[in-house]
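One-letter residues, chain by chain:
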Amino acid sequence: MVALLASGALAAPMTKINIVVKNQAGKPVDRASVVVKFVQGHSIVKLGKAVRTAFELRSNQDGEARIPSIPQGKILVQIIAKGYQTYGHTYDVTEEEKTLEITLNPPQQQYSAH
């Protein structure tokens, strides 16, 4: 049984992601909406069960959002926070644990053609 568990774990390497959201002044952004989706990479089936590949959560008062285990590979990270530009980027994650420090920008000036 232990060998079966070990071979299943090797079939789908997992990673834990810690996302730290800050503003341009380096201060944490709390209550930011953080969406993390597995895009492509290693198998997303572990021991015959589908592995959760998408998470939606909010950053805490320290600007941190901790993503539980997600398959290694290309991971899409989107962050939406009131008063900031929406952030989106795809990361190629191959480590067991990864910390992503993300700096949000203030909103851009609105322009009208009228």
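As a reminder, the structure under discussion sits directly above these lines.
Described in the following lines is the structure provided in the data block. Bear in mind the structure is a predicted one, so any value in this text is a computation, not a measurement.

Observations regarding the nonpolar core
Reasoning step 1: Of all hydrophobic cores here, the largest spans 21 residues; its most connected members are Ile17, Ile19, Val36, Ile75, Val77, Ile79 and Ile102.
Reasoning step 2: The residues contacting Ile75, other than those within four sequence positions of it, are Ile17, Val36, Lys37, Phe38, Val39, Ile70, His89, Thr90, Tyr91 and Val93.

Describing the side chain of Gln72
Reasoning step 1: Take Gln72: it is sitting in the loop between β6 (64-71) and β7 (73-80).
Reasoning step 2: The class for Gln72 is buried, based on a relative accessible area of 8%.
Reasoning step 3: A distance of 3.3 Å separates the side chain of Gln72 from the backbone oxygen of Glu95, its partner in a polar contact.

A few points about unusual backbone geometry
Reasoning step 1: For Arg31, which is not a glycine, the phi torsion comes out positive at approximately 65°.
Reasoning step 2: Tracing the backbone shows Arg31 in the loop between β1 (14-22) and β2 (33-41).
Reasoning step 3: Arg31 gets classed as exposed once you look at its relative accessible area, which sits at 55%.

Looking at the environment of Thr94
Reasoning step 1: Its place among the elements puts Thr94 in the loop between β8 (87-93) and β9 (97-103).
Reasoning step 2: Taking the C-alpha atoms as reference points, Thr94 and Pro13, separated by 81 residues in sequence, lie 8.5 Å from one another.

So, the sheet that holds β6
Reasoning step 1: Spatially, the three strands line up as an open sheet ordered β6-β1-β9, and their pairing is mixed. Edge positions in the sheet fall to β6 and β9, since each has one partner strand and no second. Between one strand axis and the next, the sheet turns through 20° on average, direction left out of account.

A few points about the pattern of salt bridges
Reasoning step 1: Under the criterion given, the structure shown has two salt bridges.
Reasoning step 2: Measuring nitrogen to oxygen at the nearest pair gives 3.0 Å for the salt bridge that ties Arg66 to Glu64.
Reasoning step 3: Given a relative accessible area of 55%, Arg66 falls into the exposed group.
Reasoning step 4: Between Glu95 and Lys98 there is a salt bridge, with the nearest N and O atoms lying 3.8 Å from each other.
Reasoning step 5: What makes Glu95 partly exposed here is its relative accessible area of 35%.

About the cut-offs
- Counting restarts for each chain, with residues numbered from 1 along the sequence as it is written.
- Per-residue local features of the predicted model are confined to residues with pLDDT of at least 70, and side-chain atom pairs are confined, for both listing and counting, to 80 or more; whole-chain, interface and lining totals are unaffected and use all residues.
- Note: side-chain values were computed over all heavy atoms of the structure, leaving out hydrogens and water.
- Side-chain atoms within 4.5 Å link the members of a nonpolar core, which is a set of buried Ala, Val, Leu, Ile, Met, Phe, Trp, Tyr and Cys residues.
- Buried, partly exposed and exposed residues are distinguished by accessible area as a fraction of the type maximum, computed with a 1.4 Å probe on protein chains only: under 20%, between the cut-offs, and over 50%, respectively.
- Contacts: residue pairs with any heavy atoms within 4.5 Å of one another.
- Think of it this way: any DSSP run of H or I at least four residues long counts as a helix, any run of E at least two long counts as a strand, and we number them from the N terminus.
- Distance and chemistry together define a polar contact, namely a pair of N or O atoms within 3.5 Å, with one atom able to donate a hydrogen and the other to accept it when in protein, and with adjacent residues in sequence counting only for side-chain atoms on both sides.
- Whether two strands pair depends on DSSP finding at least two bridges between them.
- Axis definition: a line fit to C-alpha positions, over the contact stretch in the case of helices; interaxial angles, taken between N-to-C directions, run 0 to 180 degrees.
- By convention in these notes, a salt bridge is any Lys or Arg side-chain nitrogen within 4 Å of a carboxyl oxygen on Asp or Glu.

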